[in-house]
Amino acid sequence: MWEQAGEDGSGRAWERRWRSFPRLLVVLVGTGAAAVRTAVADLRLAAEENPAVADMLVAVPAGAARIEDPVQRGPAAPIWHPLGAPVGRACG
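Attention in this report is confined to the structure presented alongside it.

The rules behind the values
- Per chain, the residues get numbers from 1 upward, laid out in the order the sequence is written.
- Side-chain atom pairs in this predicted model are given and counted only at pLDDT of 80 or more, local residue features only at pLDDT of at least 70, and totals for whole chains, interfaces and linings cover all residues.
- Calculation of side-chain values draws on the structure's entire complement of heavy atoms; hydrogens and water are dropped beforehand.
- Secondary structure counts use DSSP, requiring at least four H or I residues in a row for a helix and at least two E residues in a row for a strand, with both numbered from the N terminus.
- Working definition: with a 1.4 Å probe on protein chains only, accessible area under 20% of the residue-type maximum means buried, over 50% means exposed, and in between means partly exposed.
- For every accessible area listed, the method is Shrake-Rupley and the probe measures 1.4 Å; residues are considered covered only by the protein chains on display.
- Each nonpolar core is a collection of buried residues, namely Ala, Val, Leu, Ile, Met, Phe, Trp, Tyr and Cys, held together in the definition by side-chain atoms within 4.5 Å.
- Here, two residues are considered to be in contact whenever any of their heavy atoms come within 4.5 Å of each other.
- Think of it this way: DSSP has to see at least two bridges between two strands before they count as a pair.
- The length a helix should cover is 1.5 Å for every residue beyond the first.
- In this description, the arc belongs to the directions extending from the helix axis to the C-beta atoms.

Counting secondary structure elements, the protein contains four helices and three strands. Put simply, the protein runs from its N terminus to its C terminus through helices and strands in the order α-β-α-α-β-α-β. For the protein, the residues scored as buried account for 30% of the 92 residues in total. For the protein, the accessible area works out to roughly 6,200 Å², and carbon and sulfur atoms hold 54% of it.

With that settled, the discussion passes to the nonpolar core. In terms of nonpolar packing, the biggest core is built from 11 residues, these being L28, V36, A39, V40, A47, M56, L57, V60, A62, A64 and L83. Within the residue set of this core, elements represented by two or more residues are helix 2 (36–48), helix 3 (51–59) and strand 2 (62–66). The element that contributes the greatest number of residues to this core is helix 2, accounting for four residues. When sequence neighbours within four positions are dropped, the list of residues in contact with L28 reads A39, L43, A64, A65, R66 and I67.

Moving on, we come to the sheet that holds strand 3 (residues 81–82). Reading across the sheet, the three strands line up as 1-2-3 and stay open at both edges, with mixed pairing between neighbours. Across the chains shown, the open sheet's two edge strands, defined by having one partner strand only, are strand 1 (24–28) and strand 3.

This paragraph deals with helix 2. Between the first and last C-alpha of helix 2 there are 18 Å, a value that for 13 residues agrees with the 18 Å anticipated at 1.5 Å per step. Burial in helix 2 covers these residues: V36, A39, V40 and A47. Considered in projection along helix 2, the buried side chains sweep an arc of 95° and stay on one side of the axis. Exposed side chains of helix 2 directed beyond 90 degrees from the buried face belong to R37 and E48. The elements touched by buried residues of helix 2 are strand 1, helix 3, strand 2 and strand 3.

Looking now at the side chain of R66. Assignment of secondary structure puts R66 in strand 2. Apart from residues no more than four positions distant in its own chain, R66 is found in contact with V27, L28, T31, G32, A33 and V36.

This part is about the environment of P75. Mapped onto the secondary structure, P75 falls in the loop between helix 4 (68–73) and strand 3. Taking relative accessible area as the criterion, P75 reaches 55% and is therefore assigned exposed. With 10 residues separating them along the chain, P75 and A65 place their C-alpha atoms 9.3 Å apart. Beyond its immediate stretch of four places on either side in the chain, P75 contacts P70 and W80.

Encoded structure:
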């Protein structure tokens, strides 16, 4: 869907349906608090190695959090670690 061209061949199909692409949230299961930074660093590296994903993450706010954090603190709490957003840009 991300790469699919619009009906007239210009732009991307999703840009016609949504004003902004839905946020991408990665929920980490089985990751201890101390291992979150490593897991996030691994996700960022994987994204950088795939040009299509890297391009998408420029436009789509994406973040990762341990499953325990949104359950205990709520999904609106400052628990999301940015995956592709520039530093200081909110991801969730």
